[in-house]
Amino acid sequence: MARRSWQALPLVGLLAAGVLYPRLLPGDYFLHLGIVVSLYIILTSSLNLIMGITGQFAIAHAAFYGVGAYGSILLVTRLGVPYWWAWAAGILLAGIAALIIGASTLHLKGAYLAICTFAFSELFRLLLDNWISLTNGANGIIIRFVPPPIGIPGLFRFDLGSRRSYYYLMFTFALVTVWFVRRLARSDLGRVLGAIRQDETLALTAGFDTRRYKLLAFTVGSMYAGLAGATYAPYLSYIAPDLFDVNETIYIMMIMMIGGIRSIWGPVWGSILLVSLPQALDITPLLRMIAYGLVLILVMIRMPDGLAGFLDRLVSRLRPGGTWFGEKA
Amino acid sequence: MNPVSRSPIQSQNHYIPGDLGVLAVHALFWIGVGRRRIAAFGATRGQGEKRAQAVLEQFGNFLVHGLVTGSMYAAVALGLTLTYGILGILNFAHGEMLMVGAYIAFVLTSRLGVNFLVAAVISMLAVGLLGWVIERTTFRFARHEHLNGLVISLGLVAILQNIALAIWGADPLSIPPPLPRTLEVWGIRIGEQRLLAFGLTVGLIILFSLFLKRTRLGKGIRATAQNAHVAATLGIRTERVVAVTFSLAAALAGLVGALIATIYTITPFMGGLPAMKGFVVMILGGLGSVGGSILAGFLVGVVESFGGGMISSIFKDGFGFVALILILIFRPWGLFGQRPEREDV
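Overview of the overall build of chain B
Scanning chain B from terminus to terminus reveals 12 helices and two strands. Each helix and strand of chain B, ordered N terminal to C terminal, gives the series α-α-α-α-α-β-β-α-α-α-α-α-α-α. For chain B, the residues scored as buried account for 46% of the 345 residues in total. For chain B, restricting intrachain contacts to residue pairs at least 6 apart in sequence, the fraction spanning at least 24 positions comes to 77%.

Below, the structure is given as structure tokens:
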């Protein structure tokens, strides 16, 4: 099994890149970009599990991201729960919400599922906007606390007062998410999820309770979105309903598609490109958005498999059969 | 985890008790809110007959205004359902067609002094042409790849919104309504402009459905939507049909945009909400069902009008979503959609 030892290489590469990044590009600005890229890697990878691997066209991801953020922050500010407990509770709440919404929508197909989950997502935003006594409505909540340090004594410690520590924390979660989705996609369970995407009726006749598998993928993916929200909110120090509306879901979807749907590494490429592209285009905001739109259209027309698929084709020219960059689930 | 836990095959389309629980919670919530509002509503009015009359008038107002809004939803959803049927794409840029139509009508009437009806027709034609160009240059390359098409439509949204922003700025503009008076019949008050918009939209919807049912091209469109390969084998030029359909859907949106511009304000971002409503209506009516889209459009308009008037005005936009969720629980293929035999949407 000499090949097997090579399989970890891309993950090690990502780890090395993440650790070296703050050294190569120092400064708060680049740390901030790194944190945002890590956030979107978590959100996109987990959406990739739901939409790419399992093939469920559900557009409510930002709502679960919001449940994680609002859930944990409200527990801290309203009930005085210690942050890391509230953090875990936020993830759990996202999972519970996903179970309920998934159970009532996952029997739908394609566009029906998309628009029904969209309806749930908008209802969530309306709830945040209008339950003013709890959420302070559209004005949002300003977060005034710094999460207490966390870590394993003697091994490592994230002291979240500094931006650098926050970057390492977010990056660790991003790495864990990519690792998890990759691991899942290659497992027996992942193969069942892939079968559901390709032909649900066939998977059903093969004896798999497809509803339960779909619900499982949906819940786990949504819990990662909750994790992203619960972790990112104190860094952002401000949450508002608009941050978790359907436009955010669409943005996450866009990153997934540009990076390459179903590819394990697509979310990484997509997040890096779409977060840094608007920063790199040093022109007026108007022109920047127009250029952004053109890039989206061109990438989708010229590279239907996204960046990951494109890089894959480049690699396979140099090394036939090589799929380090694209690595399909 | 053990991937081979088995279960009876027939479990697929049966609803687990969780659905009913969700339904019950929704129902209880809305009944509770609604009862309080109706009680408060009655208390502000006089007693007896006068009160009954006031309630009736109020109902009439809700109904009429709901139908007017509903006609717009129906027209938007009609365009979306045609695009989806032919291209297999959820076109998020459909709302931007509305926006472009509104701006063209604005320039023609306010800057060049053209008669409003003429301006509306011109913006319809212009947006139809724009739709043609867009289909030929972008969507052509992503047919029936719904996620790729969706991202392309998002790119178009960014481009069109920002071009409009560059030309006209972010300040809301408006077209002075050509018919500024308000009518009052049996206590129902409605602006003449809204009635005109309603009449034009309904007329166009009827014309459009007749076109789809009766004409050669209309039949070609429906055949291509059902099965493009078979349609091509039978001699229909599907390539052209696709472009024509997209352009027709855009033209419809352009006209609705011009009409909306006389009622609401024009901004570069005005297309977002109607497009979202259009999607909800399209799904509620059932994919591929033209009649379903039209009926569902009126239904959502009326539900929102009553919900917004009697239960909660800030939650107005939510009632359409609640209706959608409830109906999809019982009819996963929409009100008038085809019940799928095989699910490869």
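Read on for the rest.
Quick word on the overall build of chain A
Along the backbone of chain A there are 15 helices and four strands. Scaling as 2.2 N^0.38, a compact globule of 329 residues should have a C-alpha radius of gyration of about 20 Å, and chain A matches this with 20 Å. By its C-alpha atoms, chain A is 55 × 50 × 50 Å across when sized along the principal axes. In chain A, the proportion of contacts linking residues at least 24 apart, taken out of those at least 6 apart, comes to 74%.

Description of the packing of helix α5 (residues 83-105) of chain A against helix α11 (residues 210-236) of chain A
Residue and element names in this part refer to chain A. Their axes nearest at 8 Å, the elements α5 and α11 cross at an angle of 145 degrees. Of the two possible hands of crossing, α5 and α11 adopt the one that is right-handed. On α11, the residues that touch Trp87, Gly90, Ile91, Leu93, Ala94, Gly95, Ala98, Leu99, Gly102 and Ala103 of α5 are Leu215, Phe218, Thr219, Ser222, Met223, Ala225, Gly226, Leu227, Gly229, Ala230 and Thr231.

Topic: helix α7 (residues 216-226) of chain B
All names here are of chain B. Inspection of α7 places Gly220, Ile221, Thr224 and Ala225 among the buried residues, and these make up the whole buried set. Here the buried residues of α7 occupy an arc of 135 degrees about the axis, which is enough to place them on one side. The exposed residues of α7 that point more than 90 degrees off its buried face are Arg216 and Gln226.

Quick notes on unusual backbone geometry
Residues and elements named next belong to chain A. If you check the backbone angles, asparagine 136 has positive phi at about 65 degrees while not being a glycine. Tracing the chain through its elements places asparagine 136 in the loop between α7 (132-135) and β1 (141-142). Residue asparagine 136 is classed as partly exposed on the basis of its 16 C-beta neighbours within 10 Å. Even without being glycine, serine 237 reaches a positive phi, approximately 60 degrees.

Quick look at the packing of helix α9 (residues 188-198) of chain A against α11 of chain A
All names here are of chain A. Running from N to C, α9 and α11 cross one another at 110 degrees; their axes reach a closest spacing of 10 Å. Here α9 is positioned roughly perpendicular relative to α11, judged by the angle of their axes. Side by side, α9 and α11 meet where Val192, Leu193 and Ile196 of the first sit next to Thr210, Tyr213, Lys214 and Ala217 of the second. Grouping the amino acids of the contact of α9 with α11 by side-chain chemistry returns five nonpolar, one polar and one charged.

With respect to the interface of chain B and chain A
With 52 residues of chain B in contact, the opposing surface of chain A contributes 45 residues. For the side of chain B that touches chain A, the elements supplying multiple residues, two or more each, are α1 (17-43), α5 (146-168), α10 (272-285) and α12 (316-330) of chain B. Considering every element that reaches the side of chain B that touches chain A, the biggest residue donor is α5 of chain B, with 13 residues. Among the residues making up the side of chain B that touches chain A, the classes are represented as 35 nonpolar, 12 polar and five charged.

Regarding the nonpolar core
In a soluble, globular protein the nonpolar side chains are often hidden away together inside. Residues and elements named next belong to chain B. By size, the foremost hydrophobic cluster in this structure holds 207 residues, and its most contacted members are Ala102 and Val280. The element contributing the most residues to this core is helix α9 (residues 238-263), with 17 residues. With near-sequence residues (within four places) excluded, alanine 102 lies in contact with Gly257, Ala258, Ile260, Ala261, Ile266 and Met270.

Considering the confidence of the model for chain B
Residue and element names in this part refer to chain B. Across chain B, pLDDT averages 79, with 83% of residues at or above 70. For chain B, the element scoring lowest by mean pLDDT is α1, at 53; helix α4 (residues 116-137) scores highest, at 92. The low-confidence segment residues 1-21, where pLDDT is below 50, has 25 contacts with residues more than four positions distant or belonging to other chains.

Some thoughts on the environment of phenylalanine 116 of chain B
Residues and elements named next belong to chain B. Mapped onto the elements, phenylalanine 116 comes out in helix α4. Here phenylalanine 116 falls in the buried class, since 21 other C-beta atoms lie within 10 Å of it. Taking the C-alpha atoms as reference points, phenylalanine 116 and threonine 262, separated by 146 residues in sequence, lie 9.4 Å from one another. The contacts of phenylalanine 116, once residues within four sequence positions are left out, are Thr109 and Pro178.

Quick notes on helix α12 (residues 246-259) of chain A
Because the α-helix completes a turn every 3.6 residues, residues three or four places apart line up on one side. Residue and element names in this part refer to chain A. With 14 residues, α12 extends 20 Å from end C-alpha to end C-alpha; this agrees with the ideal 20 Å at 1.5 Å per step. The complete set of buried residues in α12 reads Val246, Thr249, Ile252, Met253, Met254, Ile255, Met256, Met257, Ile258 and Gly259. One or two positions beyond α12, positive phi appears at glycine 260, with a value near 125 degrees.

Here's the deal with the environment of glycine 55 of chain A
Residues and elements named next belong to chain A. Mapped onto the secondary structure, glycine 55 falls in the loop between α3 (28-53) and α4 (61-79). By the C-beta count within 10 Å, which is 21 here, glycine 55 ends up buried. When the C-alpha atoms of glycine 55 and glutamine 198 are compared, they prove to be 7.8 Å apart, with 143 residues separating the residues in sequence.

Describing the environment of glycine 286 of chain B
All names here are of chain B. By secondary structure assignment, the location of glycine 286 is in the loop between α10 and α11 (290-310). Look at glycine 286 and you get buried, because 23 C-beta atoms sit within 10 Å. The spacing of glycine 286 and methionine 276 is 10 residues in sequence and 16 Å in space, taken between C-alpha atoms. With residues near it in sequence (within four places) discarded, glycine 286 still touches Gly292, Trp333, Gly334, Leu335, Phe336 and Gly337.

A short note on the confidence of the model for chain A
Residues at a pLDDT of 70 or more form 95% of chain A, whose mean pLDDT is 87. At the low end of the mean pLDDT range in chain A sits helix α1 (residues 2-6) of chain A, at 57; at the high end sits α11 of chain A, at 95.

Here is what the cut-offs are and how they apply
- Residues numbered from 1 in each chain as written.
- Chains lettered and ligands numbered in written order.
- Predicted model: local features only at pLDDT ≥ 70, side-chain atom pairs only at ≥ 80, totals over all residues.
- Helix = DSSP H or I, 4+ residues; strand = E, 2+ residues; numbered from the N terminus.
- Buried ≥ 20, exposed ≤ 12 C-beta atoms within 10 Å, placed from the backbone.
- Contact = placed C-beta atoms within 7 Å.
- Rg over C-alpha atoms; globule rule 2.2 N^0.38 Å.
- Axes fitted to C-alpha atoms, helices over the stretch in contact; angles between N-to-C directions.
- Left-handed = near helix turned anticlockwise from the far one by under 90°.
- Arc of directions from axis to C-beta.
- Parallel < 35°, antiparallel > 145°, perpendicular 65-115°, else oblique.
- Nonpolar A, V, L, I, M, F, W, Y, C, P; charged D, E, K, R; others polar.
- Core = buried A, V, L, I, M, F, W, Y, C linked by C-beta atoms within 7 Å.
- pLDDT = per-residue confidence, 0-100.
- Expected span 1.5 Å × (residues − 1).

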